[in-house]
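One letter stands for each residue in the lines below.
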Amino acid sequence: MSPAPGALLPSIRIGKTTVTEGDGGDPMARLPYTVVGDVTVPARFAVAMEQRTFCDACARIGWSPKRYAIITVAPGDTGSVIEVPYEADNLDDRRRQVQRVMAVPLTGLAMSDYIGRVVVRDDDPTPRLSFDVRRQRVGYGDDLVFVTRLAARVDYDAYARLSGLVFDRVDPLRVVDVPKRWARRHIVDRAPRRSALAKWITRESASIDAGELSTTFVVPTRVHPPHPNSKSLTLRLRSPLLDHPIRATIRVR
Ligand SMILES: [Ca+2]
Ligand SMILES: [Ca+2]
C-alpha cells in the first residue's frame, strides 16, 4: 500500500567513504547509505555516479561520463551499500580521484542527504628520481649528455630544473666551447665568451612527461685543438620529488 498523500516518506541518507586504490582490476567501492524511517513497501531510488579528478600536472584529469544504477530498498531495510566503480593503477599519482554519487528518489522515498562521495587514496610509492650522465668523459666535438631518470613511470609530469655550478680551482667548460647557435638558444646573449658556461645555465627544464621514464639535456661542444687540462661542466638538478638537489659532472678533454 502506498503511503497516504502528505505522510512522511522514509528517506535515504547517502554517506561518504575513502578507499585505498589497489592495483588494477575493476575495483568497486562500497558506499554506505542509511534509511531514515520505515520502509513498508519496496521503494526505489536512482544514483548517478561521476568520476572527478583534480591535479595540476596530470595527464588524465576532468570528469568521466556519468554511470547510473537503480537501487531497490526492501521493506524493513535500514541501509546497505552502493557499489561504485573507480580506477586503480600501479602508478604514483598526484591526481585526486573522487567519485561523486547523486541520488534521486523514484518511488516510496525521499532524500535527506542525496550527494555521496568516494575518495580514492593512492597507494603507490613515489619512484626514485636520479640524475646521471651518459659518458663521464668526452672529447671536444662530442655532446655532453645529462640524463634525468625515474625508477618507474608516474601519472604526472615530474617537474625538475637544472642549473650550473661553478667551482674554484676547476677549469670550467666555457661559453666559447659550445656552438654559438646553442648558446643563443640556451643562455643570455651577453654572456662573455670566456666566462664559465655553468654560470649562465640557470633555468633549464629537466621535467619528465607523464608516462615517460627519462629526459636528456644535451650540451654540444665545438671541435678544439687538444687542450692540456680537462674542463668540466657540473649541473645541479632540483625537483619536488627530491629531498635535496643532486648533481652530475662531465669532463671534456
Ligand atoms: Ca595502486
Ligand atoms: Ca596509483
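As the structure is a computational prediction, the values presented were derived from the model and not from experiment.

What counts and how
Residues numbered from 1 in each chain as written. Chains lettered and ligands numbered in written order. Predicted model: local features only at pLDDT ≥ 70, side-chain atom pairs only at ≥ 80, totals over all residues. Helix = DSSP H or I, 4+ residues; strand = E, 2+ residues; numbered from the N terminus. Buried ≥ 20, exposed ≤ 12 C-beta atoms within 10 Å, placed from the backbone. Contact = placed C-beta atoms within 7 Å. Pairing = 2+ DSSP bridges. Domains from an automatic or database assignment. Nonpolar A, V, L, I, M, F, W, Y, C, P; charged D, E, K, R; others polar. Core = buried A, V, L, I, M, F, W, Y, C linked by C-beta atoms within 7 Å. pLDDT = per-residue confidence, 0-100. Axes fitted to C-alpha atoms, helices over the stretch in contact; angles between N-to-C directions.

Draft legend 1. The environment of Val166, seen in detail. Take Val166: it is sitting in the loop between β14 (161-165) and α1 (180-186). On the basis of neighbour counts, which here come to 15 C-beta atoms within 10 Å, the residue Val166 falls in the partly exposed class. If near-sequence neighbours (up to four positions away) are discounted, Val166 is found in contact with Pro172, Ala196, Ala198 and Lys199.

Draft legend 2. Broad picture of the sheet that holds strand β15 (residues 204-205). Taken in spatial order, the five strands of this open sheet run β12-β18-β17-β14-β15, and their pairing is mixed. Each of the sheet's edge strands pairs with one partner strand only, and the pair in question is β12 (137-138) and β15. Where β14 and β15 come together, two bridges link them in antiparallel fashion. In the sheet register, Leu162 faces β15, and the bridge partner there is Glu204.

Draft legend 3. Quick peek at the domain arrangement of the chain. Domain assignment breaks the chain into domain 1 (11-121) and domain 2 (129-252). The partner domain 2 presents eight residues to the ten residues of domain 1 that form the contact. Per-class residue counts for the side of domain 1 that touches domain 2 are five nonpolar, no polar and five charged.

Draft legend 4. A look at the pairing of strand β4 (residues 43-54). Across seven bridges, β4 lies against strand β6 (residues 67-73) in antiparallel orientation. Counterpart to Phe45 in the pairing with β6 is Ile71. Across eleven bridges, the pairing between β4 and strand β8 (residues 96-107) is antiparallel. The partner of Arg52 across the bridge, within β8, is Val98. The pairing of β4 with strand β5 (residues 62-63) spans two bridges and is antiparallel. Considered in β5, the bridge of Thr53 is made with Gly62.

Draft legend 5. Seen up close, the nonpolar core. One finds Phe146, Ala158, Leu162, Leu197, Leu233, Leu235 and Leu237 to be the most contacted residues of the largest nonpolar core, which totals 26 residues. The residues touching Leu162, leaving out its near neighbours within four places in the chain, are Ile201, Glu204, Ala206, Phe217, Leu235, Arg236 and Leu237. Within the second largest apolar cluster, 18 residues are counted, among which are Leu31, Ala43, Leu109 and Val120.

Draft legend 6. Examining the confidence of the model for the chain more closely. Of all residues in the chain, 94% have pLDDT values of 70 or greater, and the mean over the chain is 90. At the low end of the mean pLDDT range in the chain sits β5, at 72; at the high end sits strand β13 (residues 143-150), at 98.

Draft legend 7. Spatial organisation of the pairing of β13. Residue alternation in β13 divides its side chains into a buried set, Leu144, Phe146, Thr148 and Leu150, and an unburied set, Asp143, Val145, Val147 and Arg149. Here five bridges tie strand β11 (residues 129-133) to β13, and the two strands are oriented antiparallel to one another. Among the inter-strand pairings, Val133 is bridged to a residue of β13, identified as Phe146. Across seven bridges, β13 lies against strand β16 (residues 214-220) in antiparallel orientation. In the strand pairing of β16, Val145 is matched with Val218.

Draft legend 8. Molecular detail of the sheet that holds β16. A sheet is described by the order of its strands in space; here three strands give the open sequence β11-β13-β16, paired in antiparallel fashion. Two strands close off the open sheet at either side, each with one partner strand: β11 and β16. Geometrically, the sheet is characterised by an average inter-axis angle of 15 degrees between neighbouring strands, direction not taken into account.

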